[in-house]
Amino acid sequence: MRIRKNKHKIDSEHTEQKENIENTESVEDTSNSPKKKKGWFKRHMVGFILTLILIGGASLLAYPSVANYWNQFHQTRAVMDYVQAVDDLDEEDYEAVLQSAYDYNRRLAETGFNWMPDEAQLADYENQLDINDTGIMGYVNIPKINVMLPIYHGIDETILQIAIGHLEASSLPIGCESYSFEERRVTDPSEGSHTLVSGHRGLPSARLFTDLDQLVEGDQFSLTVLNETMTYEVDQIRIVEPSDLSALQLELGQDYCTLITCTPYGVNTHRLLVRGHRIQNTFDDGNIKPEAIKFEPGLVAPLVAAPILLLLLILLLITTRSKKKEPQKDSKWKQRKRRDTGTDDGREVEHENKE
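Residues numbered from 1 in each chain as written. Predicted model: local features only at pLDDT ≥ 70, side-chain atom pairs only at ≥ 80, totals over all residues. Heavy atoms only, no water.

**Student:** How should the overall build of the protein be read in this particular structure?
**Tutor:** A count of helical and extended segments in the protein gives seven helices and 10 strands. Counting the 355 residues in the protein, one finds 36% classified as buried. A fraction of 71% describes how many contacts in the protein between residues 6 or more apart in sequence connect residues 24 or more apart. For the protein, the accessible surface area stands at approximately 21,400 Å², while carbon and sulfur atoms represent 55% of it. (Helix = DSSP H or I, 4+ residues; strand = E, 2+ residues; numbered from the N terminus. Buried < 20%, exposed > 50% of the residue type's maximum accessible area, 1.4 Å probe, protein only. Contact = heavy atoms within 4.5 Å. Areas by Shrake-Rupley, 256 points an atom, 1.4 Å probe, with all protein chains shown as cover.)

**Student:** Whenever I open this one, the pairing of strand 2 (residues 147-153) confuses me. Can you help?
**Tutor:** The side chains of a regular strand alternate, residue by residue, between the two faces of the sheet. Counting buried positions along strand 2 yields six of seven residues, so the element is predominantly enclosed. The pairing of strand 1 (residues 136-142) with strand 2 spans six bridges and is antiparallel. Bridge pairing links Ile142 to Val147 in strand 2. Alignment of strand 2 against strand 3 (residues 164-166), held across three bridges, turns out to be parallel. Paired with Tyr152 across the bridge in strand 3 is Gly165. (Pairing = 2+ DSSP bridges.)

**Student:** Any chance you could explain the packing of aromatic side chains here in plain terms?
**Tutor:** Two aromatic rings are characterised by how far apart their centres lie and by the angle between their planes. In total, this model carries three aromatic pairs according to the counting rule given. Look at Phe113 and Trp115: their rings are 5.7 Å apart centre to centre, the planes differ by 85 degrees, and that puts the pair in the edge-to-face class. Overall, Trp115 belongs to the partly exposed group, its relative accessible area being 29%. Judged by centre distance (5.5 Å) and plane angle (85 degrees), the rings of Tyr179 and Phe181 are edge-to-face. Judged by its relative accessible area of 9%, Tyr179 is buried. A relative accessible area of 34% places Phe181 in the partly exposed class. Across from the ring centre of Tyr256, 4.0 Å away, lies the NZ or CZ of Arg275, which sits over that ring. (Phe/Tyr/Trp six-rings, centres within 6.5 Å; stacked < 30°, edge-to-face > 60°. Lys NZ or Arg CZ within 6 Å of the ring centre and 35° of its normal.)

**Student:** Honestly, the environment of Gln236 in this entry has me stumped. Any pointers?
**Tutor:** Here Gln236 is to be found in strand 8 (residues 228-240). Sequence spacing of Gln236 and Val274 is 38 residues, and the spatial spacing of their C-alpha atoms is 6.1 Å. Excluding residues within four positions of it along the chain, Gln236 makes contact with Glu217, Ala247, Leu273, Val274 and Arg275.

**Student:** Whenever I open this one, the sheet that holds strand 9 (residues 255-263) confuses me. Can you help?
**Tutor:** Paired through their backbone hydrogen bonds, the strands of a sheet run either parallel or antiparallel. Here eight strands make up a closed barrel; going around it, the order is 1-2-3-6-9-10-8-7 and the pairing mixed. Within this sheet the neighbouring strands show an average axis-to-axis angle of 30 degrees, counted without direction. (Axes fitted to C-alpha atoms, helices over the stretch in contact; angles between N-to-C directions.)

**Student:** I'm lost on the pairing of strand 9 in this one. Help?
**Tutor:** Burial within strand 9 is extensive, with nine of its nine residues counted as buried. Residue alternation in strand 9 divides its side chains into two sets, Asp255, Cys257, Leu259, Thr261 and Thr263 and Tyr256, Thr258, Ile260 and Cys262, and both sets are buried. Across six bridges, strand 6 (residues 193-198) lies against strand 9 in parallel orientation. When the sheet's bridge partners are listed, His194 is paired in strand 9 with Tyr256. Where strand 9 lies against strand 10 (residues 270-279), eight bridges are found, and the strand directions are antiparallel. The residue bridging Cys262 from the neighbouring strand is Arg271, located in strand 10. Between the end of strand 9 and the start of strand 10, which pair antiparallel, lie six residues, with Gly266 showing a positive phi angle near 85 degrees.

**Student:** Looking at this structure, I do not really get the nonpolar core. What am I missing?
**Tutor:** One recurring pattern in soluble globular proteins: nonpolar side chains tend to sit buried together. Formed by 50 residues in total, the largest nonpolar core has its most connected members in Ile142, Leu172, Ile174, Leu212, Leu226 and Leu259. Elements supplying a minimum of two residues to this core: helix 2 (34-88), helix 3 (91-111), strand 1, strand 2, strand 7 (220-225), strand 8, strand 9 and strand 10. At seven residues, the largest contribution of residues to this core is made by helix 3. Residues within four places of Ile174 in sequence aside, it is in contact with Leu98, Ala101, Tyr102, Asn105, Val225, Glu228, Met230 and Arg278. (Core = buried A, V, L, I, M, F, W, Y, C linked by side-chain atoms within 4.5 Å.)

Here's what the structure looks like:
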């Protein structure tokens, strides 16, 4: 009789505890208090911060490569449009544009460079080699540093931020009309040409002439204007003050092209001058065709690394949180099981029976 009374007492207590637990869980589940929300944010705050830091860091790493690729894409399209515009010219118009540029260079050879041209001279200059009203005169190709960029009239900052500019006072990038490929020289001693093109280096959004200092004597580059390609071999590299124009003058009987950029890198107190003399063509730029732009390793690395790192961080947060929750769930589950089966109470009953 005593055992039955104890068992009845235990069953009543067990039923009451179970009801209390269910009521408590019901209250917790239906609770949507600000404290609970605040607690959720606190638990996930570290994960959010780490994710934002990772995304920000990956963006900073990828920006120069992505921006440079984007600029290359647009400048390549500009070159393709220029090539198409040249192909659309009929033979008569083509010859007229070409001859006008040769005559312009011949006049400069007679008068020399005027570093401060007046409005009439600038208007004459702007009309030369502008076949599609975009300001593109042609394009420069430097295979060693993987540069192929359009050349625009003038050196305004808006131009130099995205492409290469031609100094207004210098010869047009068409060379001398009397240049002979067989003799490899300018055959008319009254002619001379010195084309000056300039580009920035160190821009975060475009490489442009950033690697120009890698060129050495003997390297080659080319200018393509209309369907005419002029190839130059580097024969002189100088670093001068911005006001020193002595190495940029025109010389009769010579066909030169000088690539200009700022130096030292990031300081820009001087000018790097890479001069080349004209040689027999070794490039086939006149037959350039649109091609897919290749991704460079510097661009691929951050683009691949960013999503992988983000995925690893998410997996780490999920795994860490699961490990923290498992002991709590296990402990709570065992406690409920004991209460449901009456294990703890059974032990009390057994103890009482022994007494």
